[in-house]
Amino acid sequence: MQLSSRIGCRMKLHDLHVLMAVIQAGSMTKAAALLNTGQPAISRSIAELEHALGVRLLDRSSQGVKPTEYGGALLDGGTAVFDDLRQTVKNIAFLADPTVGEVRVGCNPILAASFVSAAVDQLSRRYPRIRFRLVTAYVETLHRELRERNVDLLIARRSGSAADEGLDYEFLFDDSYSIAAGAQNPWTRRRRVELAELVNEPWVLPPPESLLGSVVTDAFRASGLDYPRAIVIAEPSRCG
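Every value quoted in this text rests on a predicted model; they were computed, and no experiment measured them.

(A) Spatial organisation of the overall build of the protein chain. Secondary structure assignment for the protein chain yields 10 helices and seven strands. In terms of overall dimensions, the protein chain is more spread out than a globule: its C-alpha atoms have a radius of gyration of 26 Å, far above the 18 Å expected for 240 residues. Its C-alpha atoms give the protein chain principal-axis dimensions of roughly 80 × 45 × 35 Å. Taken across its 240 residues, the protein chain has 28% of its residues classed as buried. Pairs at least 24 residues apart make up 62% of the contacts formed inside the protein chain by residues separated by at least 6 positions. Accessible area for the protein chain stands at about 16200 Å²; split by element, carbon and sulfur atoms hold 54% of it. A gap of 5 Å separates the mean positions of the 28 positive and 28 negative side-chain charges of the protein chain.

Structure (structure tokens):
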């Protein structure tokens, strides 16, 4: 019988859950207490997994247990499996009642305080039993959170980078960027201002390595200018 056939017949989700608990706890005794079962049952689950796969999954010593190379690979796959199952259960709950549940939305702090909060307010009035969880960070960080399924969707600017691969976009609106100055600033009385005239002014800017910073960089480079010196660097909070 081929390995794939043996796995389909003999590999159990319960045993996989036990293995993940053992690796997390660092010992079979601690895993047994965590799962409220006996150590013989833990040992039996591990033995059945090792027999089904034909490889040793744990290295045992007086200090506890550690995953072998095979155990580490199975741990990664098991994490994905249980994550998929949790998501499937959520999907089933949504199909049963789409007016109840939790939506995790990733966005930058500016959108969180404006467009996203307005959308959440309208949806909350219409579906009061839905809970919204907002995660704010740089777009680069949010892409990772989306890949790791820590958020369900992003409301963000499309960057056109490799981070966009595998993502499906729906355009909500076109946005533009403007330079803001105080009402009493001499620049506000000028009808026309060239970007080169502003390069030595005191700026409040995002970090140049951020997505928004790259927009500023491109704008200045288009005029043959370097990124201006910022007096204040404005960074959104990072998640995770």
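So, next bit.
(B) Geometry of the pairing of strand β7 (residues 230-233). Direction of pairing for strand β6 (residues 203-205) relative to β7: parallel, over a ladder of three bridges. For W203, the partnering residue across the bridge sits in β7 and is A230. In the classification by handedness, the crossover that spans β6, the intervening helix α10 (residues 211-222) and the parallel β7 is right-handed.

(C) Spotlight on α10. Between its terminal C-alpha atoms α10 stretches 17 Å, which fits the 16 Å expected from 12 residues at 1.5 Å a residue. Buried residues of α10: L211, G213, V215, V216, T217 and F220, and no others. Considering only its buried residues, α10 is in contact with α8 (139-147), α9 (195-198) and β6. Immediately downstream of α10, the backbone of G224 shows phi near 75°, a positive value.

(D) Structural view of a nonpolar patch on the surface. Together, L13, V81 and L85 give the surface a local cluster of nonpolar side chains, amounting to about 210 Å² of exposed area. Its place among the elements puts V81 in helix α5 (residues 69-96). For V81, a relative accessible area of 33% translates into the label partly exposed.

(E) Local environment of the packing of aromatic side chains. Within this structure, the stated rule accounts for one aromatic pair. A ring pair is formed by W203 and F220, whose centres lie 5.6 Å apart and whose planes are at 80°; its orientation type is edge-to-face. Of this pair, W203 sits in strand β6 while F220 sits in helix α10, and the two are 17 residues apart along the sequence. Comparing W203 with F220 shows no difference in burial state: the two are buried.

(F) Looking closely at the packing of helix α2 (residues 13-25) against α5. Two numbers describe how α2 lies on α5: the axes approach to 10 Å, and their chain directions differ by 120°. Classified by the angle their axes make, α2 and α5 are oblique. In this structure, α2 meets α5 at a crossing whose hand is left-handed. The segment α2 lies against α5, with L13, L16, H17, L19, M20 and I23 engaging G71, L74, L75, G78, T79, V81, F82 and L85. Broken down by class, the residue content of the contact of α2 with α5 amounts to 10 nonpolar, four polar and no charged.

Scoring rules and cut-offs
Within any chain, residue numbers begin from 1 and follow the written order of that chain's sequence. Residue-level local features of this predicted model are given only where pLDDT is at least 70; pairs of side-chain atoms are given and counted only at 80 or more, and the full residue set underlies all totals for whole chains, interfaces and linings. Just so you know, side-chain values use all the structure's heavy atoms and leave hydrogens and water out. Helix and strand assignments follow DSSP, with helices taken as H or I runs no shorter than four residues and strands as E runs no shorter than two, numbered in order from the N terminus. Radius of gyration: over C-alpha atoms. The globule rule applied is 2.2 Å multiplied by the number of residues raised to the 0.38 power. Type-normalised accessible area, obtained with a 1.4 Å probe on protein chains alone, sets the label of each residue: buried when under 20%, exposed when over 50%, and partly exposed for intermediate values. Contacts are residue-level and defined by heavy atoms, with any inter-residue pair within 4.5 Å sufficient. Methods summary: accessible areas were calculated by the Shrake-Rupley approach with a probe of 1.4 Å, and residue burial reflects only the protein chains presented. Under this rule, positive means Lys or Arg and negative means Asp or Glu; His and the chain ends count for nothing. A single reference atom marks each charge: NZ on Lys, CZ on Arg, CG on Asp, CD on Glu. One requirement defines pairing of two strands: DSSP has to find at least two bridges between them. By definition, the crossover connecting two strands over a helix is right-handed if that path, from the first strand to the second, turns clockwise as seen with the strands pointing away from the viewer. Expected span, for any helix, means 1.5 Å times one less than how many residues it has. Like charges within 9 Å and nonpolar side chains (Val, Leu, Ile, Met, Phe, Trp, Tyr) within 5 Å are joined into patches, using only residues over 30% in relative accessible area that form no salt bridge. The rule for a salt bridge is simple: a side-chain nitrogen of Lys or Arg has to be within 4 Å of a carboxyl oxygen of Asp or Glu. A pair of aromatic rings is counted whenever rings of Phe, Tyr or Trp (Trp by its six-membered ring) have centres within 6.5 Å, and the orientation is called stacked for planes under 30 degrees apart, edge-to-face for over 60 and tilted otherwise. All axes are obtained by fitting lines to C-alpha atoms, using only the stretch in contact for helices, and the reported angles, taken between N-to-C directions, cover 0 to 180 degrees. Small angles under 35 degrees read as roughly parallel and large ones over 145 as roughly antiparallel, with 65 to 115 read as roughly perpendicular and the rest as oblique. For a crossing to be left-handed, the near helix must be turned anticlockwise from the far one by less than a right angle; the clockwise case is right-handed. Classes in brief: Ala, Val, Leu, Ile, Met, Phe, Trp, Tyr, Cys and Pro nonpolar; Asp, Glu, Lys and Arg charged; the others, Gly included, polar.

Geometric descriptors of this kind do not, in isolation, establish any biological role.
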